[in-house]
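What the coordinates show
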Amino acid sequence: MRVTNNQMANAITSSLFRQAQRLLKAQITVATEKIINKPSDDRKTLSSIDQYNRNITQGKMWIELSETALGTIDTLINSAKNIAVEQSSGDLETREMALQEVENIYGQILDLANTRMGNSYLFSGHKTDTAPFRNEVSLTSGVSDDIVFGLAADATDVTIKIYNSAGEVVRTLTGGGGAGTNTVTWDGDDDGGAPCPDGRYTFTVDALDAAGDPVVDYVTYHGTNDDFRLII
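Keep in mind it's a predicted model, so treat the numbers as computed, not measured.

1. A short note on the sheet that holds strand E11 (residues 217–218)
Taken in spatial order, the 3 strands make up an open sheet running E8-E5-E11, and their pairing is antiparallel. Each edge of the open sheet carries a strand with a single partner, namely strand E8 (180–184) and E11. As paired elements, strand E5 (residues 147–151) and E11 share 2 bridges and run antiparallel to each other. From the neighbouring strand, Leu 151 faces E11, where its bridge partner is Asp 217.

2. A few points about helix H3 (residues 92–113)
Since the α-helix advances by 3.6 residues per turn, residues separated by three or four positions end up pointing in the same direction. In a regular helix each residue adds 1.5 Å, so 22 residues correspond to 32 Å; H3 covers 31 Å between its end C-alpha atoms and thus fits that length. Along H3, the residues classified as buried are Ala 98, Ile 105, Ile 109, Leu 110, Leu 112 and Ala 113. Along the axis of H3, the buried residues cluster in a sector spanning 155 degrees; they form a single face. Seen from the open side of H3, the exposed residues pointing more than 90 degrees away from its buried face are Glu 93, Glu 96, Met 97 and Asp 111.

3. Description of the pairing of strand E9 (residues 199–208)
Bridge count between strand E3 (residues 136–140) and E9: 4 bridges; the pairing is antiparallel. The partner of Val 137 across the bridge, within E9, is Tyr 201. As paired strands, strand E6 (residues 155–163) and E9 are joined by 7 bridges and run antiparallel to one another. Residue pairing across strands places Asp 157 opposite Leu 208, the latter belonging to E9. With 2 bridges joining them, E9 and strand E10 (residues 214–215) adopt antiparallel strand pairing. Counterpart to Ala 207 in the pairing with E10 is Val 215.

4. Considering the pattern of salt bridges
Tallied over the entire structure, the rule returns 4 salt bridges. Its salt-bridge partner being Glu 136, residue Arg 200 comes within 3.5 Å of it at the nearest N-O pair. Taken together, the residues Arg 200 in strand E9 and Glu 136 in strand E3 connect sequence positions 64 residues apart. The class of Arg 200 is partly exposed, set by a relative accessible area of 42%. The class of Glu 136 is partly exposed, set by a relative accessible area of 21%. Arg 171 serves as the salt-bridge partner of Asp 191, at 3.7 Å between the closest nitrogen and oxygen. With Asp 191 in the loop between E8 and E9 and Arg 171 in strand E7 (residues 169–177), the pair connects residues that are 20 residues apart, well separated along the chain. One network of salt bridges, in which partners are shared, links Arg 134, Glu 136 and Arg 200.

5. What to know about a nonpolar patch on the surface
Side chains of Ile 56, Phe 228, Leu 230 and Ile 232 sit close together on the surface and give an oily, nonpolar patch of about 350 Å² of accessible area. Secondary-structure assignment places Phe 228 in the segment after E11.

6. Section: the packing of aromatic side chains
Following the criterion strictly, the structure yields 2 aromatic pairs and no others. Relative to Tyr 221, the ring of Phe 133 lies with its centre 5.3 Å away and its plane at 45 degrees, an arrangement referred to as tilted. Note that Phe 133 is positioned in the loop between strand E2 (120–121) and E3 and Tyr 221 in the segment after E11, a separation of 88 residues in sequence.

7. What to know about the nonpolar core
Judged by nonpolar contacts, the single largest core of 18 residues is most densely connected at Ile 147, Ile 160, Ile 162 and Trp 186. Formed by 7 residues, the second largest nonpolar core is a distinct cluster that contains Leu 76, Ile 83, Ile 109 and Leu 112.

8. Thoughts on the pairing of E3
In this structure, E3 lies alongside strand E4 (residues 143–144), joined through 2 bridges in antiparallel fashion. Note on E4: the bridge partner recorded for Leu 139 is Ser 144. Connecting E3 to the antiparallel partner E4 that follows it, the hairpin turn spans 2 residues, and Ser 141 within it adopts a positive phi of roughly 55 degrees.

Conventions we followed
- Residues numbered from 1 in each chain as written.
- Predicted model: local features only at pLDDT ≥ 70, side-chain atom pairs only at ≥ 80, totals over all residues.
- Heavy atoms only, no water.
- Pairing = 2+ DSSP bridges.
- Helix = DSSP H or I, 4+ residues; strand = E, 2+ residues; numbered from the N terminus.
- Expected span 1.5 Å × (residues − 1).
- Buried < 20%, exposed > 50% of the residue type's maximum accessible area, 1.4 Å probe, protein only.
- Arc of directions from axis to C-beta.
- Salt bridge = Lys/Arg side-chain N within 4 Å of Asp/Glu carboxyl O.
- Patch = residues over 30% accessible without salt bridge, like charges linked within 9 Å, V, L, I, M, F, W, Y side chains within 5 Å.
- Areas by Shrake-Rupley, 256 points an atom, 1.4 Å probe, with all protein chains shown as cover.
- Phe/Tyr/Trp six-rings, centres within 6.5 Å; stacked < 30°, edge-to-face > 60°.
- Core = buried A, V, L, I, M, F, W, Y, C linked by side-chain atoms within 4.5 Å.

Below, the structure written as structure tokens:
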């Protein structure tokens, strides 16, 4: 590559300009006895301030979205309470309709409890990548998380169906369960004994008591109780 006299002159001029700037900065530092004389001199602090501003913006959005979700949940709970009061003297037909309405409210509340901001769940504590209220189980390196669910009463016949991402049943587990939180272990195999691929799976629970009557199951909390903090 040929270097012309003009290119060499420009390079020398640019180098002299940079040295002059450094000399001027050093002279100002000596004269003022201060390292920082204008905002641009403190790049580290400016970078920190930018990060704090981003944290504040994120925190405000997190709080506002949380308040909106919780406010809607409060309204839905009051609606469910009103339905219960109204049906204290209702007939069988209206109670069937009311039951469907309450089940719809329950589904809406679960959806709101699983609200996300971006890819992070609002109400999962530090487990922001985990849905706090959803019947999910993860399989990693062939090892499954515990399957956790709740029952409103004791059940002698509990059937758990595990589904893959395509909605196909890969494993069916049976047994009993007690009132409250229940934990079941899955070995990660399908009904044929073959290992299932790693990933996230969903499950459903059907339960009957000793008399053969249905027992209500409910979703348990899968997050943590830790505070979510931002440095501002």
